[in-house]
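Commentary on secondary and tertiary structure
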Amino acid sequence: MYNTEIPDRSELPSSKQLFRSTLISIVVAAVLLVTVVLPAEYGIDPTRIGGLLGLTQMGQTKMALAREAAQDRKNAPPEAASVQPQSTTKGTSETNKPRKDTISVTLKPGQGAEIKLEMTKGAKIKYEWVTSGGNVNHDTHGDSPNVKYHGYSKGLNLGRDEGELVAVFDGKHGWFWRNRGSGEVTVTLKTSGEYLSITRVA
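This text gives an overview of the structure that appears in the document. Just so it is clear, the structure is predicted and the values come from calculations on it, not from any experiment.

1. Here's the deal with the overall build of the protein
Looking only at helices and strands, the protein features three helices and nine strands. Put simply, the protein runs from its N terminus to its C terminus through helices and strands in the order α-α-α-β-β-β-β-β-β-β-β-β. Across the 202 residues in the protein, those meeting the buried criterion constitute 32%. Sequence-distant contacts, at least 24 apart, represent 72% of the contacts inside the protein between residues at least 6 apart. Accessible surface computed for the protein: about 12700 Å², of which carbon and sulfur atoms make up 55%.

Here's what the structure looks like:
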């Protein structure tokens, strides 16, 4: 068994040194909160540094899209309206059999729409959506009885997006779009992968 030398009292940090280290840590954390976290997450930029770094716009985008999605969920009818997709592979409500769907929604100025896929944890899908007639704001997210909101991606004034979505929990995962333009915009969504159903919920 190895003997460990007990450090001499003179080698230990003094109370003054510990207090100074703690104070420095608090100051650094406060600076990061004000210059990075608040602008990037909430669009609040008291020092203007977030604007120079491009963080404030990102935070404002997050907050605007979150407010829009929350308002649409509040105004949505109690029963979700089923979408009639152009499905090339039949899906079932019992298993995550691979399927493909294409859905189009037309949005009037100021109107929003939300389409969700019922997915189990770990299920993967590939998606692509494009617009015609203008651009839209979007919020790709998921929810379940136990998870109020989980964000995947957001954007302002976009005409297309594509990628892969992996469900992080059992629940509904999908897209919310808002037309902030002056004319009608049509969004066409293509999905392929493992999901149980596809539904327009707003």
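After presenting the structure, the write-up continues.
2. A short note on the environment of Gln 111
Residue position: Gln 111 is located in the loop between strand 1 (98-107) and strand 2 (112-119). By relative accessible area, Gln 111 is classed as partly exposed at 28%. Taking the C-alpha atoms as reference points, Gln 111 and Asn 179, separated by 68 residues in sequence, lie 5.7 Å from one another. The residues contacting Gln 111, other than those within four sequence positions of it, are Thr 106, Trp 177, Arg 178, Asn 179 and Arg 200. A polar contact is formed between the side chain of Gln 111 and the backbone nitrogen of Lys 108, at a distance of 2.8 Å.

3. Some words on a nonpolar patch on the surface
Together, Ile 24, Val 28, Leu 32, Leu 33, Val 36, Val 37, Tyr 42 and Ile 44 make up a nonpolar patch on the protein surface, roughly 680 Å² of accessible area in all. Here Tyr 42 lies in helix 1 (residues 15-42). Of the residues examined, Tyr 42 reaches a relative accessible area of 46% and is grouped as partly exposed.

4. Details of the pairing of strand 3 (residues 124-132)
Residue alternation in strand 3 divides its side chains into a buried set, Ile 125, Tyr 127, Trp 129 and Thr 131, and an unburied set, Lys 124, Lys 126, Glu 128, Val 130 and Ser 132. The pairing of strand 3 with strand 6 (residues 160-166) spans seven bridges and is antiparallel. Counterpart to Trp 129 in the pairing with strand 6 is Asp 161. Pairing of strand 3 with strand 8 (residues 185-194), which is carried by eight bridges, proceeds in the antiparallel orientation. Bridged to Lys 126 within strand 8 is Ser 192.

5. Some details on the sheet that holds strand 1
Ordered by their spatial adjacency, four strands build an open sheet running 1-8-3-6, and the pairing between neighbours is antiparallel. This sheet does not close on itself; its edge strands, each paired only once, are strand 1 and strand 6. Averaged over all pairs of adjacent strands, the angle between strand axes in this sheet comes to 15°, irrespective of strand direction. Summarising the sheet, strand 1 and strand 8 pair through 10 bridges and their orientation is antiparallel. Note that in strand 8 the partner of Pro 98 across the bridge is Glu 194.

6. What to know about the nonpolar core
Core analysis: the largest hydrophobic core is formed by 21 residues, its most contacted members being Met 119, Ile 125, Trp 129, Trp 175 and Trp 177. Elements with a contribution of two residues or more to this core: strand 1, strand 2, strand 3, strand 7 (171-178) and strand 8. Top element by residues in this core is strand 2. It accounts for four residues. Each residue touching Trp 129, except ones within four places of it in the same chain, is listed here: Val 136, His 138, Leu 158, Gly 159, Arg 160, Asp 161, Trp 175, Trp 177, Val 187, Thr 188 and Leu 189.

7. Side note on the sheet that holds strand 4 (residues 136-143)
Taken together, the five strands give an open sheet; going across it, the order is 5-4-7-2-9, and neighbouring strands pair in antiparallel fashion. Edge strands, defined here as strands with exactly one partner in the open sheet, are strand 5 (150-158) and strand 9 (197-200). Averaged over neighbouring strand pairs, the angle between their axes works out to 15° when direction is ignored. Relative to strand 5, strand 4 runs antiparallel, the two being bridged by six bridges.

Rules behind the numbers
- Residues numbered from 1 in each chain as written.
- Predicted model: local features only at pLDDT ≥ 70, side-chain atom pairs only at ≥ 80, totals over all residues.
- Heavy atoms only, no water.
- Helix = DSSP H or I, 4+ residues; strand = E, 2+ residues; numbered from the N terminus.
- Buried < 20%, exposed > 50% of the residue type's maximum accessible area, 1.4 Å probe, protein only.
- Contact = heavy atoms within 4.5 Å.
- Areas by Shrake-Rupley, 256 points an atom, 1.4 Å probe, with all protein chains shown as cover.
- Polar contact = N/O pair within 3.5 Å; in protein donor to acceptor, adjacent residues only side chain to side chain.
- Patch = residues over 30% accessible without salt bridge, like charges linked within 9 Å, V, L, I, M, F, W, Y side chains within 5 Å.
- Salt bridge = Lys/Arg side-chain N within 4 Å of Asp/Glu carboxyl O.
- Pairing = 2+ DSSP bridges.
- Axes fitted to C-alpha atoms, helices over the stretch in contact; angles between N-to-C directions.
- Core = buried A, V, L, I, M, F, W, Y, C linked by side-chain atoms within 4.5 Å.

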